[in-house]
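# Tertiary structure, described
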Amino acid sequence: MTAAIMDGLAVSKETRARLQGRVEALRCAGTTPGLAVLIVGENPASKVYVRNKAKACGEIGMHSEIHEYPGDATEATVLAKIAELNADPRIHGILVQLPLPKHFDVDNVLETISPHKDVDGFHKESLGALMSGNPTFQPCTPHGVMVILDHYGIPLAGVDAVVVGRSNIVGKPQALMLLARDATVTICTSKTKDLAAHTRRADVLVVAVGRPGVVTGDMIKPGAAVVDVGINRTAEGKLVGDVDFESAKQVAGWLTPVPGGVGPMTITMLLANTVRSAELAAGLPSPKF
Ligand code: GUN
């Protein structure tokens, strides 16, 4: 068997085209959706991500602004800016790029963002709403995974879903989203005794650990839908996922590539959350994804 490719770039383009229509409707009603991104320090990867987020906003007619701080900026400075943005009616989404420098209390920073503008979905209120099955803003990467699975009509109710990785950004919210769709969900960690025994049972397998080749073809159930969230750079400078693509392709029924799989969907879902926030602030109807 050769897996069918789940093309995140194509799903992303289609989703962004729909969002552009919603941005136009908002602008006609007098609101331009606005995203503020805060970045502290000189992490080159973070700088690229932040620039890409701003560019994506512009491409669908949204306002964006980047607030950059040196690595030795104080937490108080950043908290003061967040407070200002919380009160700014031109801003509908606030995102603090992670990781933050060591001297920051990340939880404190994330909790300072108004839950009404928490387009990353990392605020405890947003995570609690997701936990209770009535989500407000959902974390962008796992939400993007759900949109890809739905786009390709992958069944979720009653299936065995396995999530490898339990980060707050991907693994944990991913498990909750799959659970909300009536999948039987297992979360594997770095201490899981026999990872392959779990992954081989998975009808839907989501891998998000940040280590290349963690899952190989022999660990995959024939015909499974495999979503690779990892983005790793090899010594040769090549981008690869957490799943060994070549061997996985021989076994899986569906597979996301890296690059061109989950990656483009993360920014797309950030745009979706910001558009939704603007619609809610303007009192307009806001379709849920
Ligand atoms: N760093 C890596 N991924 C993310 C993300 O989705 N949001 C934020 N704020 N920082 C990140």
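This write-up is about the structure you can find in this document. Nothing here was measured: the structure is a model prediction, and the numbers come from that model.

## Observations concerning helix α1 (residues 8-28)
An α-helical segment advances 3.6 residues per turn. Residues three or four places apart therefore align on the same side. Spanning 21 residues, α1 covers 30 Å between terminal C-alpha atoms, matching the ideal 30 Å at 1.5 Å per step. Considered for burial, the residues of α1 that qualify are Gly8, Val11, Ser12, Thr15, Arg16, Leu19, Arg22, Val23 and Leu26. Buried residues of α1, viewed axially, fall in a sector of 125°; they line one side. Along α1, exposed side chains directed more than 90 degrees from the buried face belong to Lys13 and Cys28. Next to the buried residues of α1 lie α2 (44-59), α6 (140-151) and α10 (263-281). The N-terminus of α1 is capped by Asp7, whose side-chain oxygen sits 3.1 Å from the backbone nitrogen of Leu9. Once α1 finishes, Gly30 follows within two positions and takes phi at roughly 95°, a positive value.

## Quick notes on the sheet that holds strand β11 (residues 254-255)
Strand pairing in a sheet relies on backbone hydrogen bonds, with the paired strands running either antiparallel or parallel. As summarised here, the arrangement of the six strands in space is β1-β11-β8-β7-β5-β6, forming an open sheet in which the pairing is parallel. Taken across any chain shown, the strands that pair with only one partner, and hence form the sheet edges, are β1 (4-5) and β6 (184-188). Where β1 meets β11, two bridges bridge the pair, whose relative direction is parallel. By the bridge assignment, Ala4 is partnered in β11 with Trp254. Taken strand by strand, helix α7 (residues 171-180) contacts β5 (160-164), β6 and β7 (204-207), and its axis lies near 170° from that of β5.

## So, unusual backbone geometry
In this structure, Pro99 follows Leu98 across a cis peptide bond, with omega equal to 5°. Relative to the helices and strands, Pro99 is located in the loop between β4 (93-96) and α4 (106-112). With an omega dihedral of 0°, the bond running from Val258 to Pro259 counts as a cis peptide bond.

The rules behind the values
- Residues numbered from 1 in each chain as written.
- Predicted model: local features only at pLDDT ≥ 70, side-chain atom pairs only at ≥ 80, totals over all residues.
- Heavy atoms only, no water.
- Helix = DSSP H or I, 4+ residues; strand = E, 2+ residues; numbered from the N terminus.
- Expected span 1.5 Å × (residues − 1).
- Buried < 20%, exposed > 50% of the residue type's maximum accessible area, 1.4 Å probe, protein only.
- Arc of directions from axis to C-beta.
- Contact = heavy atoms within 4.5 Å.
- Polar contact = N/O pair within 3.5 Å; in protein donor to acceptor, adjacent residues only side chain to side chain.
- Pairing = 2+ DSSP bridges.
- Axes fitted to C-alpha atoms, helices over the stretch in contact; angles between N-to-C directions.

Read these as layout, nothing more, since geometry by itself doesn't imply function.
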